[in-house]
Amino acid sequence: MNTGPLRTAVLISGTGSNLKTLIEASNRGRLNLDLCQVISSRADAPGLEHARTAGIPAEVISESDGGLQDQKITACLRPHDPELVVLAGYMRILGRQPVEAFSGRMINLHPSLLPLFPGLDTYRRVLEAGNPMHGASIHFVTSELDAGPVIAQVQVPVRENDTPGDLAARVGPREHALLTATVELFARRRVEMSHEQVLLDGQPISQPLQLNEANVFA
Ligand code: GRF
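Residues numbered from 1 in each chain as written. Predicted model: local features only at pLDDT ≥ 70, side-chain atom pairs only at ≥ 80, totals over all residues. Heavy atoms only, no water.

> Is there a simple way to explain the overall build of the chain in this structure?
The helix and strand tally for the chain stands at six helices and eleven strands. Taking 17 Å as the expected radius of gyration for a compact globule of 218 residues, we find that the chain reaches 17 Å, a close match to that expectation. Its C-alpha atoms put the chain at 50 × 40 × 35 Å along the principal axes. A total of 218 residues make up the chain; the buried ones form 50% of that total. If you take every contact in the chain between residues at least 6 apart in sequence, the share linking residues at least 24 apart comes to 62%. In the structure as shown, the chain presents an accessible area of about 10,500 Å², 49% of it carried by carbon and sulfur atoms. (Helix = DSSP H or I, 4+ residues; strand = E, 2+ residues; numbered from the N terminus. Rg over C-alpha atoms; globule rule 2.2 N^0.38 Å. Buried < 20%, exposed > 50% of the residue type's maximum accessible area, 1.4 Å probe, protein only. Contact = heavy atoms within 4.5 Å. Areas by Shrake-Rupley, 256 points an atom, 1.4 Å probe, with all protein chains shown as cover.)

Okay, here's the thing in structure tokens:
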């Protein structure tokens, strides 16, 4: 089995706090990663600075690339042959080409307990629905938006009088912990997708792994 650093590419659009989490975990040896490429859909994404500071090649592939964005993303990633492509706050819907090219190797971080609240604005929507729990999910990317097999989740209780901002501020750190723990499973080559099912150590999981308070999958 391959035990070398996991060749990992990260796609961002904004602040890149999740990218920063991966860089820091890699730097302190918590994750065995080779962060080989960052792609941003926006030239002004503050997260690009994290990539530059860490010396990771960073490319902007944005709307100014017209209808060629998806082709350019695939062409940019292919030479690195990434074992994992992480959509970390990537706010554009990827087309079929990169999704198929990296099928089973591409994951997305989504701020809700999928299948609840796919799409945008999840904090406001969960509060309006009056649900007692919110959280974040990491799923394999398939051609349907936020609908690929869910690998892992972290739950965060909704508090009375929470605003969307309050809830986002509490989910954020838990989402970072979820990302670290999930990417560790990939770095240890323990997780894969087969026939649109998540396999952990070669066995299908019946429901998403749940990260507990100690940042361990229960
Ligand atoms: C995260 O909450 C993620 O779940 C969502 O966008 C946010 C981006 O965070 N998809 P960052 O750019 O990694 O700080």
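That was the structure; now back to the text.
> Would you mind going over the environment of Leu22 with me for this structure?
Following the sequence through the fold, Leu22 ends up in helix H1 (residues 17–27). Separated by 112 residues in sequence, Leu22 and His134 place their C-alpha atoms 23 Å apart. Setting aside residues up to four positions removed in sequence, Leu22 forms contacts with Val10, Leu31, Leu33, Leu35, Val86, Leu179 and Val183.

> Please clarify how the packing of aromatic side chains should be interpreted in this entry.
Two measures describe an aromatic ring pair: the distance that separates the ring centres and the angle between the ring planes. Inspection of the entire model under this criterion finds one aromatic pair. Between Phe140 and Phe186, the aromatic rings sit 5.8 Å apart at their centres with planes inclined by 70°, giving edge-to-face as the arrangement. You can see Phe140 sitting in strand S6 (residues 133–140) and its partner Phe186 sitting in helix H6 (residues 164–187), a full 46 residues away along the chain. Accessibility classification places Phe140 together with Phe186 in one group, the buried group. (Phe/Tyr/Trp six-rings, centres within 6.5 Å; stacked < 30°, edge-to-face > 60°.)

> How should the pairing of strand S5 (residues 106–110) be read in this particular structure?
Looking along a regular strand, one sees the side chains alternate between the two faces of the sheet. The buried fraction of S5 is high, at five of five residues. Inspection of the sheet shows strand S4 (residues 84–87) paired to S5 by three bridges, in the parallel sense. Each residue of the ladder has a partner; that of Val85, found in S5, is Met106. For the crossover that starts at S4, traverses helix H4 (residues 96–101) and ends in the parallel S5, the hand is right-handed. Taken together, the four bridges between S5 and S6 define a ladder with antiparallel strand orientation. Across the sheet, Ile107 pairs through a bridge with Phe140, a residue of S6. (Pairing = 2+ DSSP bridges. Right-handed = clockwise from strand over helix to strand, strands pointing away.)

> Got a minute to help me understand the nonpolar core in this structure?
General note: in soluble globular proteins, nonpolar side chains tend to be found buried as a group. By size, the foremost hydrophobic cluster in this structure holds 47 residues, and its most contacted members are Val10, Leu22, Leu33, Val86, Ile107, Ile151 and Phe186. Leu11, Ile39, Leu77 and Val141 belong to the second-largest nonpolar core, a separate cluster that totals 16 residues. (Core = buried A, V, L, I, M, F, W, Y, C linked by side-chain atoms within 4.5 Å.)

> What's the story with the side chain of Asp65 in this structure? I'm lost.
Turning to its location among the elements, Asp65 is positioned in the loop between strand S3 (58–60) and helix H3 (69–77). A polar side-chain atom of Asp65 sits 2.7 Å from a polar atom in the side chain of Lys72. Setting aside residues up to four positions removed in sequence, Asp65 forms contacts with Val60 and Lys72. (Polar contact = N/O pair within 3.5 Å; in protein donor to acceptor, adjacent residues only side chain to side chain.)

> Can you walk me through the layout of surface pockets in this structure?
One water molecule sets the probe size; rolling that probe over the atoms shows where empty space is left. Counted as a void, the largest pocket has a volume near 800 Å³. Lining the largest pocket are 35 residues, and of these Tyr90, Met91, Asn108, Leu109 and His110 lie nearest its centre. (1 Å grid on protein atoms, 1.4 Å probe; cavity = no way out; pocket = protein on both sides within 12 Å on 5 of 7 lines; lining within 4 Å. Points joined across faces, edges and corners; volume = space filled by probe spheres on them.)

> Before we go on, may I ask you to explain the site of the ligand in this structure?
Near the ligand, the surroundings consist of Thr15, Gly16, Ser17, Asn18, Gly89, Leu109, Pro111 and Glu175. One of the side-chain N or O atoms of Thr15 is found 2.5 Å from an oxygen atom in the ligand. For the ligand, an oxygen atom lies 2.6 Å from a polar atom in the side chain of Glu175. Relative to its unbound accessible area of 370 Å², the ligand is 82% covered by the protein chains. Judged by the proximity of its atoms to the pocket grid, the ligand belongs to the largest pocket. By residue class, the composition of the shell around the ligand is two nonpolar, five polar and one charged. (Near = heavy atom within 4 Å. Sits in = over half its atoms within 2 Å of the grid points. Nonpolar A, V, L, I, M, F, W, Y, C, P; charged D, E, K, R; others polar.)

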